[in-house]
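Here is how the chains run, residue by residue.
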Amino acid sequence: MGFLGVTMLWVKAAHVIFVIFLMAGLFMMPRFFVYHHQCAVGSDEDRVWIEREDRLRKIILNPSIILVWILGLMLAFNGDYWREGWFHAKFLLVLLLSGYHGWLIGYFKKLKRGLRPLTEKQLRMLNEVPGVAAAAIVILVVVRPF
């Protein structure tokens, strides 16, 4: 059972719960950006979108990613998955999703400064990243193909 003992299933459940919260935030933020792009820089609506995005970041995204990492590492050490091929692939995808999270926060800061470097279409395309990554991660964890 590893060092977590009988709490392992509770840790796993918490990990899944916070992954769901994180994924919800990773889907929501780019959609917020699309709507944010549609308003004038410096307008009242612009300030409302900045506030919404900031709350999403502070209340859902950042706490979720921290808990996902802590709980996930606990599970990885408990199960000694570090030598498993499926885990290496999953870990790489988690690192990429974490980088995507960081990019979203950086883009939020640009919007807050009045910058709009991407088009709405590009933002809509980026909204697909977490879905594809989540599907691959679930397959790796459940099927463990290698």
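In what follows, the accompanying structure is described. None of the values given here were measured: they were computed from a predicted structure.

What follows is about the overall build of the protein. Of the regular secondary structure elements, the protein holds five helices and zero strands. Taking the principal axes of the C-alpha coordinates as reference, the protein spans close to 55 × 25 × 15 Å. Across the 146 residues of the protein, 36% fall into the buried class. When contacts within the protein are restricted to residue pairs at least 6 apart in sequence, long-range pairs at least 24 apart make up 78% of them. With the model as given, the accessible surface of the protein reaches about 8400 Å², and the carbon-plus-sulfur share is 70%. Across the protein, 17 positive and 10 negative side-chain charges occur, with their mean positions spaced 3 Å apart.

We now examine unusual backbone geometry. Positive phi, normally seen in glycine, also occurs at Asp-80, with a value near 50°. Summarising the element assignment, Asp-80 is placed in the loop between helix 2 (44-79) and helix 3 (85-112). Backbone geometry places Arg-144, a non-glycine residue, at a positive phi of 50°. When you line up the elements, Arg-144 lands in the segment after helix 5 (129-143).

Let us look at a nonpolar patch on the surface. Together, Val-138, Ile-139, Val-141, Val-142 and Val-143 make up a nonpolar patch on the protein surface, roughly 450 Å² of accessible area in all. With respect to the element layout, Val-143 can be found in helix 5. When its relative accessible area of 55% is taken as the criterion, Val-143 is described as exposed.

Overall, the coordinates contain seven salt bridges when judged by the stated rule. Between Arg-116 and Asp-46 there is a salt bridge, with the nearest N and O atoms lying 3.2 Å from each other. Taken together, the residues Arg-116 in the loop between helix 3 and helix 4 (120-126) and Asp-46 in helix 2 connect sequence positions 70 residues apart. For Arg-116, a relative accessible area of 23% corresponds to the partly exposed category. For Asp-46, a relative accessible area of 4% puts it in the buried group. A salt bridge links Glu-51 to Arg-55, with the nearest nitrogen and oxygen atoms 3.6 Å apart. Here Glu-51 pairs with Arg-55, and both are found in helix 2, just four residues apart, close to one helical turn. Take Glu-51: its relative accessible area is 46%, and that puts it in the partly exposed class.

Turning to the nonpolar core, a few remarks are in order. Counting 30 residues, the largest nonpolar core has Leu-22, Leu-26, Met-29, Phe-33, Leu-61, Leu-97 and Leu-104 as its most contacted members. For this core, the secondary structure elements donating two or more residues are helix 1 (8-37), helix 2, helix 3 and helix 5. Ranked by the residues each element gives to this core, the list is headed by helix 3, at eleven residues. In this structure Leu-26 touches Leu-61, Leu-97, Tyr-100, His-101, Leu-104, Asn-127 and Pro-130, once residues within four positions along its chain are discounted. Counting residues in each nonpolar core, the second largest holds five residues, with Met-8, Val-11, Leu-71 and Leu-75 among its members.

What counts as what
Numbering of residues starts from 1 in each chain and follows the order in which that chain's sequence is written. With the structure being a predicted model, the display of local features is reserved for residues of pLDDT at least 70 and the display and counting of side-chain atom pairs for 80 or more, all residues being used for whole-chain, interface and lining totals. Calculated side-chain values reflect all of the structure's heavy atoms, with hydrogen atoms and water omitted. Helix and strand assignments come from DSSP, with helices taken as H or I runs of at least 4 residues and strands as E runs of at least 2, each series counted from the N terminus. Under the scheme applied here, a residue whose accessible area is under 20% of the maximum for its type counts as buried, over 50% as exposed, and between as partly exposed, the area being computed with a 1.4 Å probe on protein chains only. Between two residues, a contact is recorded if the distance between any of their heavy atoms is within 4.5 Å. In this description, accessible areas are obtained by the Shrake-Rupley approach with a 1.4 Å probe, and a residue is regarded as covered only by the protein chains that are shown. As used throughout, the charge tally considers Lys and Arg to be positive and Asp and Glu to be negative, leaving His and the chain termini uncounted. For charged residues, the charge sits on one atom: NZ in Lys, CZ in Arg, CG in Asp, CD in Glu. Distance thresholds for patches are 9 Å for like charges and 5 Å for nonpolar side chains (Val, Leu, Ile, Met, Phe, Trp, Tyr), applied to residues having over 30% relative accessible area and no salt bridge. By salt bridge we mean one thing: a side-chain nitrogen of Lys or Arg within 4 Å of a carboxyl oxygen of Asp or Glu. Buried Ala, Val, Leu, Ile, Met, Phe, Trp, Tyr and Cys residues that are joined via side-chain atoms within 4.5 Å together make up what is termed a nonpolar core.

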